[in-house]
Amino acid sequence: MAALVGTIVSACSPGRNQHVFPLIPYPMRLLPGSGYFLLDPATRVILTETDDAELRGVAERWLQEVRSQTTLPLRIASEAEDRHRPNAILLQLDRPACRGDEEGYRLVVDRRRVLLEAGSPVGIFYGLQTLGQLLPTRHGSGSSGRGPSWRIPSVEIEDAPRFPYRGMHLDVGRHVFPVSFIRRYIDWMAAFKMNTFHWHLTEDQGGRLEVRRYPRLTEVGAFRAETMVEKNHDPYIGDGVPYGGYYTQADVRDIVAYAAERFVTIIPEIEMPGHSTAALAAYPELACTDGPFEVATRWGVFEDIYCPGERTFLFLEAVLEEVMELFPGEYIHIGGDEAPKRSWEESPLAQAVIRREGLADEQELQSYFIGRIEAFLNSRGRRLIGWDEILEGGLAPNATVMSWRGIAGGIEAAREGHDVIMTPTSHLYFDFYQGDPSQEPLAIGGYTPLERVYAFEPVPEELTTEEARHILGAQANVWTEYMKTTDYVEYMVYPRLLALAEVVWSPSEARDWAGFLARLSPRLARLDAAGVNYRIPDVSGLEHDRLTLDSHFTVELGTPLAEGEIRYTTDGSEATVASPRYTSPLRIQATDEGTSVAARIFLPDGRSSAVRRARFARARLHRAESPEPVDLRPGVTGERFQGAFGSVEDLRGLDPVESSVTEGLEVHHELEGNELGFRFAGLLRVPRDDVYTFHVSSEHGSRLYVDHRLVVDHDGFHGMVERVGDVALEAGLHPLEVWYFRGEGGGGLRVQISGERLSRSDIPEGWLYHR
Ligand code: ACM
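Residues numbered from 1 in each chain as written. Predicted model: local features only at pLDDT ≥ 70, side-chain atom pairs only at ≥ 80, totals over all residues. Heavy atoms only, no water.

### Considerations on the overall build of the protein chain
For the protein chain, the helix and strand inventory stands at 17 helices and 39 strands. Computed over the C-alpha atoms, the radius of gyration of the protein chain is 28 Å, within 12% of the 28 Å expected from 2.2 N^0.38 for a compact globule of 771 residues. Principal axes of the C-alpha set define a box for the protein chain whose edges measure 95 × 75 × 55 Å. The buried share among the 771 residues of the protein chain stands at 58%. Taking as baseline every contact in the protein chain between residues at least 6 positions apart, the subset at least 24 positions apart corresponds to 73%. (Helix = DSSP H or I, 4+ residues; strand = E, 2+ residues; numbered from the N terminus. Rg over C-alpha atoms; globule rule 2.2 N^0.38 Å. Buried < 20%, exposed > 50% of the residue type's maximum accessible area, 1.4 Å probe, protein only. Contact = heavy atoms within 4.5 Å.)

### Some remarks on the packing of aromatic side chains
In the structure shown here, the tally under the stated rule is 32 aromatic pairs. Judged by centre distance (5.6 Å) and plane angle (50°), the ring pair of Tyr-454 and Trp-513 falls under tilted. Highlighted residues: Tyr-454 in helix 13 (residues 450-454) and Trp-513 in helix 17 (residues 513-529), separated in sequence by 59 residues. On the accessibility criterion, Tyr-454 (3% relative accessible area) is buried. Since its relative accessible area comes to 25%, Trp-513 is described here as partly exposed. In this arrangement the basic side chain of Lys-231 is found over the ring face of Tyr-482, its NZ or CZ atom lying 5.2 Å from the centre. One cation-aromatic arrangement involves Arg-262 over Tyr-258; the distance from NZ or CZ to the ring centre is 3.6 Å. (Phe/Tyr/Trp six-rings, centres within 6.5 Å; stacked < 30°, edge-to-face > 60°. Lys NZ or Arg CZ within 6 Å of the ring centre and 35° of its normal.)

### Notes on the state of the cysteines
One covalent bond between the sulfur atoms of two cysteine residues makes up a disulfide. Under the definition given, this model contains one disulfide. Here Cys-288 engages in a disulfide with Cys-307; their sulfurs sit 2.0 Å apart. Since a negative S-S torsion denotes a left-handed disulfide, the Cys-288-Cys-307 link at about 95° is right-handed. Here the residue Cys-288 occupies a position in the loop between helix 6 (277-282) and helix 7 (310-326), and Cys-307 occupies one in the loop between helix 6 and helix 7, the gap between them amounting to 19 residues. Note on Cys-307: relative accessible area 5%, which makes it buried. (Disulfide = S-S within 2.5 Å.)

### Details of the nonpolar core
In terms of nonpolar packing, the biggest core is built from 178 residues, with Met-168, Trp-199 and Leu-500 touching the most fellow members. The element best represented in this core is helix 7, accounting for nine residues. Counting residues in hydrophobic clusters, the runner-up holds 27 residues, among them Phe-680, Val-711, Val-712 and Leu-736. (Core = buried A, V, L, I, M, F, W, Y, C linked by side-chain atoms within 4.5 Å.)

### Quick look at the environment of Val-66
By the secondary structure assignment, Val-66 is in helix 1 (residues 53-70). Separated by 66 residues in the primary sequence, Val-66 and Gly-132 place their C-alpha atoms 7.3 Å from one another. Beyond its immediate sequence surroundings of up to four residues, Val-66 is in contact with Leu-39, Thr-71, Leu-74 and Leu-135.

### Observations regarding the sheet that holds strand 3 (residues 75-76)
Paired through backbone hydrogen bonds, the strands of a sheet run either parallel or antiparallel to each other. Strand order in the open sheet made by the seven strands is 1-7-5-6-4-2-3, with mixed pairing throughout. The sheet is open, and its two borders are formed by strand 1 (29-38) and strand 3, each paired with just one other strand. The pairing of strand 5 (residues 105-109) with strand 6 (residues 113-117) spans four bridges and is classified as antiparallel. Among the inter-strand pairings, Val-109 is bridged to a residue of strand 6, identified as Val-114. (Pairing = 2+ DSSP bridges.)

### Details of the pattern of salt bridges
Any two side chains of opposite charge can pair, given that their charged atoms come close. Using the criterion set out here, one finds 50 salt bridges in the structure. Its salt-bridge partner being Arg-106, residue Glu-117 comes within 2.6 Å of it at the nearest N-O pair. Of this pair, Glu-117 sits in strand 6 while Arg-106 sits in strand 5; the two residues are 11 residues apart in sequence, bridging distant segments of the chain. For Glu-310, the salt bridge goes to Arg-372, with nearest N and O atoms at 2.8 Å. Placement of the pair is Glu-310 in helix 7 and Arg-372 in helix 10 (residues 362-379), with a sequence separation of 62 residues. (Salt bridge = Lys/Arg side-chain N within 4 Å of Asp/Glu carboxyl O.)

### Some remarks on the sheet that holds strand 26 (residues 595-602)
Spatially, 22-27-26-24 is the arrangement adopted by the four strands of the open sheet, whose pairing is mixed. At either end of the open sheet lies a strand with only one pairing partner, and these are strand 22 (546-548) and strand 24 (565-569). The sheet shows a mean angle of 25° between the axes of neighbouring strands, taken without regard to direction. In this sheet, strand 26 lies alongside strand 24 in antiparallel orientation, the contact comprising five bridges. If you follow Thr-569 over to strand 26, its bridge partner there is Ala-598. (Axes fitted to C-alpha atoms, helices over the stretch in contact; angles between N-to-C directions.)

### Thoughts on unusual backbone geometry
Put simply, Gly-291 and Pro-292 share a cis peptide bond, and its omega is -5°. Inspection of the secondary structure assignment puts Pro-292 in the loop between helix 6 and helix 7. In this chain, Tyr-494 is followed by Pro-495 through a cis amide linkage whose omega measures 5°. Its place among the elements puts Pro-495 in the loop between helix 15 (486-493) and helix 16 (496-505). The backbone of Glu-338 shows a phi angle near 45°, a positive value even though the residue is not glycine. For Glu-338, the location among the structural elements is in the loop between strand 17 (331-335) and helix 8 (342-345).

Structural data, given as structure tokens:
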């Protein structure tokens, strides 16, 4: 980061100075000053509104944290003390709405004092989080051995969030976590300016909320006989260990109040009509089929769901009455996802409701179900949120949609004038792997590394400015099938939460991956000090295998962690603490067989990152077509297939339903219809001999071939993630083929190219042909 030193600083360029001001999320505007404010035992906090209890609470709680971090005896000044004294942190609550946003604040640090102004206590709260991040970290205190002096660099910051909804979800149905952990989860959300906790309280494998009117929901529904071992679905293997637990209403009140003090609103989720097996085990008369039912011990989607009869509505309304007593926030989440309709198809009661209400089918019956619940919630002054399946069969009139199966549901809802929260599997499922699955603890699947979270853009390009106003923000989901412990939850959440915090808080112009990494180290040091189990980010520089036409490679490895040491090997062996230490770029001979570089980061306390490995080999130049075919026409042929595929291999030998010539290699995620496949075929004309890198993003699977050789293998079901491959091509024409399929809820396909002398772009115009 030395290159940043000496750059010209401008008030409006948030990308600069990020190492001096290691703030996450980065503020809207930051203007560095000169010198610093020194926090010492005589520093006092002064409140301009001494009788505002909420403000005082905010200040007291912040001081408690800073006292424990610094051991300085900081406190709020008494009425008798001089209000104009230097060496003060002045909290001023009378700021005229400078940014028109009640969560915004202005923070001015100079040699004499700190001034924090906001229009409301929440703005002061966020300003104090920023101020706390400007303090040196213990871990970053350097080698003097005397510990840090508590300097805060002079600065002027003006800040307000980009989105009003900044969410984190936690599934306590699959595994349940103690109240103390829920508090800690909320603490760290708030520290990074996240403001909504989506608490997923009911599941097939356990209902976790005490409901007075229906005690069996927890007496029976909160306990399961055992839990499936890893992924032993078939044949099924259970662990034989009874499992359960729930939150009492007193616990919930405590957590709601705790969250409110940190300006976190809790949205409770009570799943309906599906994911309700635990409730049906407690009250089997609510199902369409005869029980008995058992609280589920395996993961998945279950056929038995609430039957849409009056008994069910009376039950759910009574449950929701208690939920609304406990949770004062405007929103109630009612699930709505993954509700198979077979039991409704076979149920005389459900069919009678369809006839009575004049509904077309079971999808419309689900809409009717959700619509009734919405009317009930609206009549109590609350609003309904549901997963994007609530779009099917028609959206309830005032519903807010959580778009999880990609972003298409969110786009559709926004166009219909509904509010939307973006939570797509492609970027924001924190139950997905963050690294090579062979190196990671067992997870549900997918691949959502830190960089991918950071790259998420909540507002789709397709929306008009007016429609985009309906995108309230974004949220990461933490489903806990494979997260049995709080340590593992933290491992999956941090540091990905920090990346999300910047996505939803900072202005989009401030998004800067290198800057984020530079700011990460002090933030992780603070998590360390609090004993939070974050995942140590991978070594950079080994993201994928590489080829070259040169005689050697220069391989630059990196870590965002100031105290991290990189250890590496080049002989194919495991990188251990005894391996050579990386100090400068590696010069690696380019050979035909290639060299495997493995590296990992070690922290002073012995913890280490996962190993990253990549292969570096000499490229063999693929000859171009010679002689060049005549009668070339621009564009490639695109064939479309229809069907439920699980691999691009399923497309081979099928007759396409449609065939046309297209200019590019893109399948837009908005294209109508799921369960389809594509094959693009043609010739790629490259202008010069070079190593070309193909960047293929797809949801679901894809494969890219050049000269009939597989260059990118991205087959199978996965979220919208990128995979890359290199190939060395002689100037001229090369056969190119791309296969793609998508299943239910899939996204699109995008192919980009880069070269040693070509910056990354879509395939340039004039490069694609067919005969
Ligand atoms: C979901 O992941 N089923 C919303």
